[in-house]
Protein chains: 2
Amino acid sequence: MSALDELSWGAEGLVAAVAQDAASGRVLTVAWMNREALQATIDKGEAVYWSRSRQRLWHKGEQSGHVQKVRELRIDCDADAVLLQVEQVAGIACHTGRERCFFRKLEDGRWVTTDPVLKDPKLIYKDEDR
Amino acid sequence: MSALDELSWGAEGLVAAVAQDAASGRVLTVAWMNREALQATIDKGEAVYWSRSRQRLWHKGEQSGHVQKVRELRIDCDADAVLLQVEQVAGIACHTGRERCFFRKLEDGRWVTTDPVLKDPKLIYKDEDR
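Residues numbered from 1 in each chain as written. Chains lettered and ligands numbered in written order. Predicted model: local features only at pLDDT ≥ 70, side-chain atom pairs only at ≥ 80, totals over all residues. Heavy atoms only, no water.

Draft legend 1. Spotlight on the layout of surface pockets. Reported here for the largest pocket is a volume of approximately 500 Å³. Around the largest pocket, the lining comprises 22 residues; the ones closest to its centre are A:Glu12, A:Trp32, A:Arg52, B:Glu12 and B:Arg52. Every element with two or more residues in the lining of the largest pocket is listed here: β1 (15–21) of chain A together with β1 (15–21) of chain B. (1 Å grid on protein atoms, 1.4 Å probe; cavity = no way out; pocket = protein on both sides within 12 Å on 5 of 7 lines; lining within 4 Å. Points joined across faces, edges and corners; volume = space filled by probe spheres on them. Helix = DSSP H or I, 4+ residues; strand = E, 2+ residues; numbered from the N terminus.)

Draft legend 2. Expanded view of the interface of chain B and chain A. Counting residues at the interface gives 41 residues for chain B and 41 residues for chain A. Contact with chain A buries surface across chain B, with B:Arg74, B:Arg104 and B:Trp111 losing the most and accounting together for 21% of the total. Viewed at the interface, chain A and chain B are joined by four salt bridges. For the salt bridge of B:Asp80 with A:Arg52, the shortest nitrogen-to-oxygen distance reads 3.0 Å. (Contact = heavy atoms within 4.5 Å. Buried area = accessible area lost by both parts, 1.4 Å probe. Salt bridge = Lys/Arg side-chain N within 4 Å of Asp/Glu carboxyl O.)

Draft legend 3. Structural context of helix α2 (residues 35–44) of chain B. Residue and element names in this part refer to chain B. Looking at α2, one finds that the buried residues are Ala37, Leu38, Ala40 and Thr41. Buried residues in α2, looked at end-on, bunch into an arc of 160°, giving them a common side. In α2, the exposed residues that point more than 90 degrees away from the buried face are Glu36 and Asp43. Where α2 is buried, its residues touch α1 (2–5), β2 (27–33), β3 (48–51), β4 (56–59), β5 (68–75) and β6 (81–88). Gly45 occupies a position one or two residues after α2 and carries a positive phi of about 75°. (Buried < 20%, exposed > 50% of the residue type's maximum accessible area, 1.4 Å probe, protein only. Arc of directions from axis to C-beta.)

In short, shape yes, function no, at least from these values alone.
Below you can see the structure in the form of structure tokens.
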């Protein structure tokens with residue numbers, strides 16, 4: 001697919017992928033995509049990332065069911081970042097059971113957790129997944 | 001500053017930095033920060049990135065005047081990405097003269113430019129800056 005050729009895949013073959021809640025506008029997650037992940041995202045209509053820690057494709061929500069349904073895909077001017085507008089199933093994007101991964105805010109020189117856990121991760125995952 | 005020790009700076013010493021317009025919620029830019037850049041961002045209250053192409057600190061807007069005034073700083077669960085809520089001076093974040101860098105949207109298999117140029121880049125920059 002020629003649209004994928006336009007991206008600057010970088011030394012590791014990756015681009016940054018930012019998922020934003022299409023309804024609330026909240027930034028939920030920042031992850032990574034290689035060419036295969038972006039192609040899979042387009043084909044499925046759900047976010048598929050490249051897990052750097054596990055070195056494999058990661059269909060987000062594959063275990064938790066908390067998939068991200070893609071409503072829009074954008075690239076930036078450098079073509080080395082992707083922005084996804086998503087419908088976050090269950091309203092939980094973070095493996096900690098929170099709405100978003102950005103649940104810590106800088107206040108007076110330290111990171112303060114501002115967001116509640118909506119669901120106990122032990123109830124979300126059978127084994128390692130995020 | 002101990003808050004900076006909590007970040008996972010990665011192999012290259014960088015984290016991804018997403019700037020979101022504090023008023024509109026639009027994602028404006030994705031860039032990179034090293035430890036020095038994040039410290040400078042905190043100290044100045046304006047976004048300072050690490051330019052990978054120029055291999056130097058980049059105080060965004062240093063030439064254009066289009067600085068990003070930081071209203072809030074967050075980190076994600078992995079501590080390898082930063083989210084900035086910013087007031088984008090002049091309402092132009094992209095070096096192409098557009099509001100945001102994510103001005104291209106996937107439509108029927110190709111990237112379509114959806115956002116207008118608000119100001120001619122030639123009128124913004126004296127020489128190379130973004």
